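Observations on the model geometry
Here's the letter readout for the chains.
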Amino acid sequence: MKTYIYKVIRENPDGSTGKKPKIIRRSAKDLNVGGLYLHLGKGYPGMQRVISLEVEEVLD
C-alpha cells in the first residue's frame, strides 16, 4: 500500500504565499504538484498550492 505525502503552502488571491509549508498524507494520488486547491480539510483553510510529492511504501 502506498501513502502519498504532499507538501502544501497557503496562497493568497494576490499570489503571495505563506511562510511555513504543511504536510498532507493521503492514500490516493488525487492532487497534482503545482495545483491550487480549495478546502483540503480541517487545518488547511483557504487556497493551498501543492509544492512537492513523496511516495512512501507502507507494509501491511
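A quick note: this is a predicted structure, and the numbers were derived from the prediction, not measured. (Residues numbered from 1 in each chain as written. Predicted model: local features only at pLDDT ≥ 70, side-chain atom pairs only at ≥ 80, totals over all residues. Heavy atoms only, no water.)

To continue, consider the pattern of salt bridges. Two side chains that carry opposite charge are able to pair once their charged atoms sit near each other. Evaluated as defined, the whole model comprises three salt bridges. Among the ionic pairs, E56 bridges to R25, the shortest N-O distance being 3.4 Å. In this pair, E56 is assigned in strand β4 (residues 47-57) and R25 in strand β2 (residues 22-26), connecting sequence segments 31 residues apart. The shortest N-O distance in the salt bridge between R26 and D30 comes to 3.0 Å. Of the residues examined, D30 reaches a relative accessible area of 42% and is grouped as partly exposed. (Salt bridge = Lys/Arg side-chain N within 4 Å of Asp/Glu carboxyl O. Helix = DSSP H or I, 4+ residues; strand = E, 2+ residues; numbered from the N terminus. Buried < 20%, exposed > 50% of the residue type's maximum accessible area, 1.4 Å probe, protein only.)

This part is about the nonpolar core. Among the nonpolar cores identified, the biggest contains nine residues, and these are Y4, Y6, V8, I24, L31, Y37, L40, Y44 and V50. When residues in this core are grouped by element, the largest group, three residues, is from strand β1 (residues 2-11). Contact partners of V8, with chain neighbours within four places excluded, come to P21, K22, I24, L40, Y44, Q48, R49, V50 and I51. (Core = buried A, V, L, I, M, F, W, Y, C linked by side-chain atoms within 4.5 Å. Contact = heavy atoms within 4.5 Å.)

When pLDDT is averaged along the protein chain, the result is 92, and 100% of the positions lie at 70 or above. Here β2 stands out as the least confident element of the protein chain, with mean pLDDT 94; β4 is the most confident, with 96. (pLDDT = per-residue confidence, 0-100.)

With that settled, the discussion passes to the environment of E54. Examined against the element boundaries, E54 turns out to sit in strand β4. A relative accessible area of 52% means that E54 is categorised as exposed. With 51 residues separating them along the chain, E54 and T3 place their C-alpha atoms 8.4 Å apart.

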